[in-house]
Amino acid sequence: MKAVSAAGDAEAVSGPAIDVRGLRKSFGTLEVLAGIDFSVARGEVVCVIGPSGSGKSTLLRCVNLLEEPTSGTVTVAGTEVTDPDVDIDKVRRRIGMVFQSFNLFPHLTVLENLTLPQRRVLGRDRAEAAGIARERLARVGLTDKESAYPAQLSGGQQQRVAIARALAMDPELMLFDEPTSALDPELVGDVLAVMRSLADEGMTMLVVTHEMSFAREVADRVVFMDGGVIVEEGAPEQVIGAPRHARTRSFLARLLTPATADLTEAAEAADGAGKRSGPV
Amino acid sequence: MSISRRQRTRAIRGGQYAVLVVVLLVVALAADWGEIRRAFFDVEVAKAQFPDIITTALLNTVVYTLLGFGFGLAAGLLLALMRLSRVPPYRWLAIAYIEFFRGIPALLVFIALGFGVPLAFQVALNQYVTVMLALGLVGAAYMAETIRAGIQAVPKGQMEAARSLGMSQSRAMVSIIIPQALRIVLPPLTNELILLTKDSSLVYLLGLSLSQYELAKFGRDALNQNRSLTPILIAGLCYLIITLPLGHLVRRLEARTAKAR
Ligand SMILES: Nc1ncnc2c1ncn2[C@@H]1O[C@H](COP(=O)(O)OP(=O)(O)O)[C@@H](O)[C@H]1O
Ligand SMILES: [Mg+2]
């Protein structure tokens, strides 16, 4: 029951943050996304779970057009990004993305990692960019690392810098692709804490993760994908706690007790299974 | 009678030393040392080369090399980007250029630019422009391939991260990819600088005025005047003053890169 104003861009103001319709993506003859429909409301936190190779990363990458969808539409905050006339660089700056492998710029200091995109993309001046960068670094608890180079930081610190770098662009929503899967177990908690506080502040988040405890506690909704389709979605306590589909149940069983399942399958199912903090 | 393996190894090594001693003895006895000293280490001739061999010849060698390197680096970067372009004609042009200039002797380029262009077009190029082009055109072909490899060695995630922050393809190239690529190819580029230092000796082909002499031409001139090889030896040592530290730098850069991996 959202109030719709008479203005023409009412849709842009009150519509969903992400709206995906009939999305298909093939690499050559391999169909990776076989018709996806779903949307994320503003301020909502949605976790995407599913076995390796089910198309989770591809789905995320279609949202900011790092991958070109084969067919279907993706609309981000009222802008149809799949429209060929849309300036994709303008859309991307509104969408923060955090990668499994951090992808910090190794030739720049932490502060420069945060200021360079602001200055080159948003046209902020040096002082303004630095001010915003320091505020974001404080938010992820890395104030003292601004003059370090990425190689001098732990994985967990690098990933928090990557989150701060995305936040410095003042994005309307954030995409996370397995942000803790490349981390040593003891470093996962710091990154999840930052993501949790972001969610508390009302950031719209689409998170691919194997961290079931995070999904349970933070997500408004959990989406389970397998074989390029959404098998089931719903509240975390339903999808994780009482899954309806056999595929969801077997995925969760393998994820939570990898020792009892076929070893290769389990390793494949959860590239981060050994590194998760475990169910609470 | 059987000898052990160790005995045999010892015998062979002893033989190798014996041959060396005999050769050295023969050379020492047969050679006319006075003549050799006059030819290579004539102190008077050596003294006469200074300070010009440093202030003119060595300096000019460095200037010519840097001119060629600077032009070659810029052109090489452009060629590398063309080589990686999504527009096929750019790729073809770059490949044709690279294959052509890597396949012909640098000497031919010097002749073409030094004598061919002035004759055919009735224009006299500035000496420095000629040197810059002649050294740079060939250097660019080699540097282009090096830089292309460097660009391709930057992880794919770097471009994706840059694009996901809203940077355009070209902005990401300039700010993110190329700085990292140049860092990766610093050792081979330094090697190219060493090669160019030596190739700059080809400048001696062009009719240069006295003040434009570089090391090789300077040495050759002094050789004619003094009928002594001493100036050539000194010129050689001057090249080593440049190339040996650069070679050392390359090894250190390579070690650093290996450690960073
Ligand atoms: N650029 C690509 N080219 C070809 N195949 C790809 C490419 N990216 C992903 N794939 C394939 O698509 C499938 C889904 O990949 P992905 O979306 O990364 O799955 P997930 O993130 O769920 O593990 C995999 O089989 C993968 O090999
Ligand atoms: Mg993935």
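Owing to the predicted nature of the structure, the values given are computational and were not obtained by experimental measurement.

Concerning the overall build of chain B
When you go through chain B residue by residue, the secondary structure sums to 12 helices and zero strands. Reading the secondary structure of chain B in the N-to-C direction produces α-α-α-α-α-α-α-α-α-α-α-α. Taken against the 2.2 N^0.38 rule, which gives 18 Å for 261 residues, the C-alpha radius of gyration of chain B at 25 Å runs more than 25% over that of a compact globule. Its C-alpha atoms give chain B principal-axis dimensions of about 75 × 70 × 30 Å. In chain B, which comprises 261 residues, the share counted as buried stands at 39%. In chain B, 78% of the contacts between residues at least 6 apart in sequence involve partners at least 24 apart. Accessible area of chain B: about 15200 Å², with a carbon and sulfur share of 66%. Treating the 26 positive side-chain charges of chain B as one cloud and the 13 negative ones as another, the clouds have centres 15 Å apart.

Details of helix α6 (residues 106-121) of chain B
Residues and elements named next belong to chain B. In this model, α6 (16 residues) spans 21 Å end to end at C-alpha, consistent with the 22 Å of a helix rising 1.5 Å per residue. At F115, α6 shows its strongest bend, of approximately 35 degrees, with the proline P118 following within four residues. Two residues or fewer past α6, Q122 is found with a positive phi of approximately 60 degrees.

Brief notes about the site of ligand 1
Residue and element names in this part refer to chain A. Taken together, the neighbourhood of ligand 1 is formed by F27, L30, V32, P51, S52, G53, S54, G55, K56, S57 and T58. At 3.1 Å from an oxygen atom of ligand 1 is found a main-chain nitrogen or oxygen belonging to G55. T58 has a polar side-chain atom sitting 2.5 Å from an oxygen atom of ligand 1. Against a free-state accessible area of 560 Å², the protein chains account for coverage of 60% of ligand 1. Among the secondary structure elements, those contributing two or more residues to the shell around ligand 1 are β2 (30-40) and α2 (56-63). Of the residues contributing to the shell around ligand 1, the split by class is four nonpolar, six polar and one charged.

Things to note about unusual backbone geometry
Omega for the peptide link from F50(B) to P51(B) comes to 0 degrees, which places this bond in the cis form. With respect to the secondary-structure elements, P51(B) resides in the loop between α3 (43-49) and α4 (52-83). Even without glycine at this site, L65(A) takes up a positive phi of about 65 degrees. Along the polypeptide, L65(A) turns up in the loop between α2 and β4 (71-76). Among the residues examined, L65(A) registers a relative accessible area of 12% and is labelled buried.

Topic: the UniProt feature "transmembrane region" (unreviewed entry) in chain B
When the UniProt feature table is mapped onto this chain numbering, "transmembrane region" (unreviewed entry) sits at residues 54-82, 103-125, 131-151, 172-190 and 229-250 of chain B. Spanning residues 172-190 of chain B, this segment combines 95% helix with 0% strand, and its end C-alpha atoms are found 25 Å apart.

Remarks on the side chain of D177(A)
All names here are of chain A. In this fold, D177 is placed in strand β7 (residues 173-177). Separated by 2.8 Å, the side chains of D177 and S57 make a polar contact. Excluding anything up to four places from it in sequence, D177 contacts S57, L60, V98, F99, Q100 and V208.

Here's the deal with the state of the cysteines
A covalent bond between the sulfur atoms of two cysteines is what we call a disulfide. All names here are of chain A. All chains considered together, the criterion is met by zero disulfides over all chains. C62 forms no disulfide, and the closest cysteine sulfur to it belongs to C47, at a distance of 19 Å. Classification of C62 by relative accessible area gives buried; the value is 0%.

So, the sheet that holds β4(A)
Strand pairs in the sheet, formed through backbone hydrogen bonds, run parallel or antiparallel to each other. Residue and element names in this part refer to chain A. Taken in spatial order, the four strands line up as β2-β1-β4-β5 in an open sheet, and their pairing is antiparallel. Of all strands in the sheet, those bounded by a partner on one side alone are β2 and β5 (79-80). In this structure, strand β1 (residues 18-27) lies alongside β2, joined through eight bridges in antiparallel fashion. Across the sheet, V20 pairs through a bridge with F38, a residue of β2.

Describing a nonpolar patch on the surface
All names here are of chain B. Together, F40, F41, L229, I232, L233, L237, L240 and L244 line one region of the surface with nonpolar side chains, adding up to about 670 Å² of accessible area. When residues of the nonpolar patch are assigned to their parent elements, the largest contribution, five residues, is made by helix α12 (residues 230-260). Structurally, F41 is set in the loop between α2 (33-40) and α3. Classification of F41 by relative accessible area gives partly exposed; the value is 47%.

Here we look at the confidence of the model for chain A
Residue and element names in this part refer to chain A. Mean pLDDT over chain A: 89, with 87% of residues reaching 70 or higher. In the predicted structure, residues 1-12 sits below a pLDDT of 50 and forms nine contacts with residues beyond four places in sequence or in another chain. Taken together, the stretch residues 260-280 has pLDDT below 50 and engages in 36 contacts with residues farther than four places along the chain or on a different chain.

Some points on the nonpolar core
What tends to happen in soluble globular proteins is that the nonpolar side chains get buried as a cluster. Core analysis: the biggest nonpolar cluster contains 52 residues, and I18(A), L175(A) and L206(A) have the highest contact counts within it. Considering every element that reaches this core, the biggest residue donor is helix α9 (residues 169-184) of chain B, with six residues. Setting aside chain neighbours within four positions, we find I18(A) in contact with F38(A), S39(A), V40(A), V63(A), T75(A), L173(A), L175(A) and L206(A). Counting residues in hydrophobic clusters, the runner-up holds 47 residues, among them I49(A), V98(A), F102(A) and V207(A).

Parameters at a glance
- Residues numbered from 1 in each chain as written.
- Chains lettered and ligands numbered in written order.
- Predicted model: local features only at pLDDT ≥ 70, side-chain atom pairs only at ≥ 80, totals over all residues.
- Heavy atoms only, no water.
- Helix = DSSP H or I, 4+ residues; strand = E, 2+ residues; numbered from the N terminus.
- Rg over C-alpha atoms; globule rule 2.2 N^0.38 Å.
- Buried < 20%, exposed > 50% of the residue type's maximum accessible area, 1.4 Å probe, protein only.
- Contact = heavy atoms within 4.5 Å.
- Areas by Shrake-Rupley, 256 points an atom, 1.4 Å probe, with all protein chains shown as cover.
- Lys, Arg positive; Asp, Glu negative; His and termini not counted.
- Charge placed at Lys NZ, Arg CZ, Asp CG, Glu CD.
- Expected span 1.5 Å × (residues − 1).
- Bend = angle between axes of the 7 residues up to and from the residue.
- Near = heavy atom within 4 Å.
- Polar contact = N/O pair within 3.5 Å; in protein donor to acceptor, adjacent residues only side chain to side chain.
- Nonpolar A, V, L, I, M, F, W, Y, C, P; charged D, E, K, R; others polar.
- UniProt positions renumbered as here; feature names shortened; annotations may be inferred.
- Disulfide = S-S within 2.5 Å.
- Pairing = 2+ DSSP bridges.
- Patch = residues over 30% accessible without salt bridge, like charges linked within 9 Å, V, L, I, M, F, W, Y side chains within 5 Å.
- Salt bridge = Lys/Arg side-chain N within 4 Å of Asp/Glu carboxyl O.
- pLDDT = per-residue confidence, 0-100.
- Core = buried A, V, L, I, M, F, W, Y, C linked by side-chain atoms within 4.5 Å.

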